[in-house]
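# Commentary on secondary and tertiary structure
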Amino acid sequence: MTRPDPPRPSSTRPDPAAEDAAAPRDDTRLVHAGRAPQQHHGIVNPPVYHASTVLFPDLDTLEARARAPFDGVYYGRFGTPTSFALEQAMTELEGGHRAITTSSGLAALAVALTAFTRTDDHVLIADSVYMPTRKLCDRMLTRYGVRVEYYDPLIGAAIGTLIRPETSVVFLESPGSLTFEIQDVPAIVQAVRARQGDRRIVTMMDNTWATPLFFKPLQHGVNLSIHSATKYITGHADAMLGVVVADADTFQELKTEAVLVGQCAGPDDVYVGLRGLRTLSVRLHRHQESALALADWLQRQPEVRRVIHPGRPDDPGHALWRRDFAGASGLFAMILEPVPRQALQAMLDHMTLFGMGFSWGGFESLLLPANPATSRSATVWQEPGQLVRVHAGLEAVEDLIRDLAAGFARLRATA
Ligand SMILES: *Cc1c(COP(=O)(O)O)cnc(C)c1O
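The residue numbering used here restarts from 1 in each chain and proceeds along that chain's sequence as written. Where totals are concerned, whole chains, interfaces and linings use all residues; where local detail is concerned, this predicted model gives features only for residues with pLDDT of at least 70, and gives and counts side-chain atom pairs only at 80 or more. In computing side-chain properties, one takes all heavy atoms of the structure into account and sets aside hydrogens as well as water.

### Re the packing of helix 5 (residues 105–115) against helix 9 (residues 251–260)
Contact geometry for helix 5 and helix 9: axes closest at 9 Å, N-to-C directions at 115°. Two packed elements cross with a definite hand, and for helix 5 against helix 9 that hand is right-handed. Counted together, Val-111, Ala-112, Thr-114 and Ala-115 of helix 5 and Glu-253, Leu-254, Glu-257 and Ala-258 of helix 9 form the full contact between these two elements. Three categories are distinguished: nonpolar for Ala, Val, Leu, Ile, Met, Phe, Trp, Tyr, Cys and Pro, charged for Asp, Glu, Lys and Arg, and polar for the others, with Gly belonging to the last. The class makeup of the residues in the contact of helix 5 with helix 9 is five nonpolar, one polar and two charged. In this description, a line fitted to the C-alpha atoms serves as the axis of each element, helices being fitted only across the stretch in contact, and the angle between N-to-C directions of two axes falls anywhere from 0 to 180 degrees. Here a helix means four or more residues in a row that DSSP labels H or I, a strand means two or more in a row labelled E, and each is numbered from the N terminus. Here a crossing is called left-handed whenever its near helix is offset anticlockwise from the far helix by less than a right angle, and right-handed whenever the offset is clockwise. Whether two residues touch is decided by their heavy atoms; if any such pair falls within 4.5 Å, the residues are in contact.

### Here's the deal with the packing of aromatic side chains
Working definition: rings of Phe, Tyr and Trp (its six-membered ring) pair if their centres are within 6.5 Å, and the pair is stacked with planes under 30 degrees apart, edge-to-face with planes over 60 apart, and tilted otherwise. Under the definition given, this model contains seven aromatic pairs. Arranged with centres 5.5 Å apart and planes meeting at 70°, the rings of Tyr-232 and Trp-360 form a pair that is edge-to-face. You can see Tyr-232 sitting in the loop between strand 6 (224–228) and strand 7 (242–246) and its partner Trp-360 sitting in the loop between helix 13 (341–348) and strand 10 (366–370), a full 128 residues away along the chain. Buried residues are those whose accessible area, probed at 1.4 Å on protein chains only, stays under 20% of the maximum for their type, while exposed residues exceed 50% and partly exposed ones sit between those limits. Residue classification places Tyr-232 among the buried residues on the basis of a relative accessible area of 1%. A relative accessible area of 10% means that Trp-360 is categorised as buried. Taken together, the ring pairs in this structure connect Phe-56, Phe-70, Tyr-74 and Phe-78 into an aromatic cluster. We call a charge positioned above a ring when the Lys NZ or Arg CZ atom is no farther than 6 Å from the ring centre and deviates by at most 35 degrees from the ring normal. Above the face of the Tyr-150 ring, Arg-134 is positioned so that its terminal group lies 3.9 Å from the ring centre.

### Structural notes on the layout of surface pockets
Throughout, the protein atoms alone are placed on a 1 Å grid, and a set of points is a cavity if a 1.4 Å probe fits but cannot get out or a pocket if it is open with protein on both sides within 12 Å along at least five of seven lines; lining residues have an atom within 4 Å of a point. Grid points are joined across faces, edges and corners, and a volume is the space filled by probe spheres set on the points. Put simply, the largest pocket is a space of about 720 Å³. Those elements that place two or more of their residues in the lining of the largest pocket are helix 5, helix 6 (131–141), strand 6 and strand 10. The residue inventory of the lining of the largest pocket, partitioned by class, reads 19 nonpolar, 14 polar and six charged.

### A closer look at the pattern of salt bridges
Salt bridges, as used here, are contacts in which a Lys or Arg side-chain nitrogen is within 4 Å of a carboxyl oxygen on Asp or Glu. Following the criterion strictly, the structure yields 19 salt bridges and no others. Two residues, Arg-305 and Glu-337, come together in a salt bridge whose shortest N-O distance is 3.0 Å. With Arg-305 in strand 8 (residues 304–308) and Glu-337 in the loop between strand 9 (331–336) and helix 13, this residue pair connects regions lying 32 residues apart in the sequence. Salt-bridge contacts for Asp-399 lead to Arg-402; the nearest nitrogen and oxygen are separated by 3.2 Å. Linking Asp-399 with Arg-402, this pair stays in helix 14 (residues 397–414), spanning three residues, or about one helical turn. Take Arg-402: its relative accessible area is 56%, and that puts it in the exposed class.

Below, the structure written as structure tokens:
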């Protein structure tokens with residue numbers, strides 16, 4: 001199978017760590033970050049602490065810890081050595097200051113957005129964001145008097161023209177959910193900085209698609225990198241988990257907000273997140289390879305109008321993706337030629353390997369029909385055919401192609 005212009009493996013991409021020959025590469029960090037076996041009887045993995053109450057030996061200790069409740073163990077909700085381990089690993093991988101863990105990716109987004117917005121603030125949100133992010137902005141931030149404005153994700157440096165004196169947050173997600181637009185992150189960050197007056201403007205990015213391995217927002221000047229660790233980091237479709245990695249300018253306020261609203265993650269979910277991280281690199285490279293192979297095959301099917309995958313040279317976002325990203329994960333989309341609903345149904349209802357459902361990033365392949373037109377306001381989505389999001393799982397790609405081919409045969413027979 002010919003594969004167009006395969007991305008170079010992340011290890012051959014310019015790596016900031018490469019400048020310091022002694023700094024470990026990402027694959028090494030994934031294995032060792034957030035672990036200290038000799039502190040736990042030599043046991044390889046950190047223990048799962050189930051905790052609410054933390055006992056203080058004396059009044060002096062209680063008072064000292066109360067003065068710095070984010071530094072060390074204080075109360076279960078503030079974090080445990082289990083959550084600190086995942087936070088430390090994610091911080092190291094993305095070159096941050098510190099991180100927080102939350103009960104889901106959406107909770108991570110909510111904490112980040114509410115922490116840095118006040119009544120009468122103005123926020124700029126990419127028009128291609130994950131739909132629940134849009135709902136959070138439209139239904140919650142507006143309730144507290146925040147003005148929400150959506151911008152064309154491809155705006156680049158022209159974001160500067162949208163900045164107002166009261167702008168407090170610029171939110172990015174790249175590639176965009178469902179439609180996979182690649183944003184010019186460095187240009188946006190630079191333009192925001194140039195327009196920043198006395199008032200700090202916090203830039204934040206949903207980095208779930210790339211994971212810390214394929215993109216590092218903080219190294220491009222973004223203040224906060226937000227993850228649904230539910231997806232690739234956990235990697236097995238068996239936990240809900242969020243992580244926000246913060247720089248030194250934003251961590252204190254972020255953590256304060258998380259504690260204020262009671263955000264924390266369950267210890268077992270944190271544990272499987274941390275366990276998933278150890279194998280992220282091998283899984284992600286396989287997801288990438290299979291997704292490119294599927295995209296290549298799909299593009300050649302007459303029923304497919306267009307494949308949207310930034311790792312393909314014909315994709316409008318390819319040049320930016322190639323400049324900034326170290327790889328592509330396993331999630332992309334195809335747009336079918338217009339067909340009656342029964343034809344789509346004939347295809348989707350009888351897949352044997354591809355499941356149909358929300359989320360992604362687990363070991364299994366998924367197909368999900370979606371309509372981006374309903375979650376746009378600054379741009380217009382006008383593709384005539386059905387968009388189907390594809391998650392390439394870890395199955396043998398030949399078997400996945402056979403499943404898709406049978407699906408298209410059913411679609412054709414019904415159309
Ligand atoms: C799934 C997802 C989220 C939300 O994560 P949950 O863990 O499901 O709450 C946020 N952003 C993106 C891009 C997602 O795909």
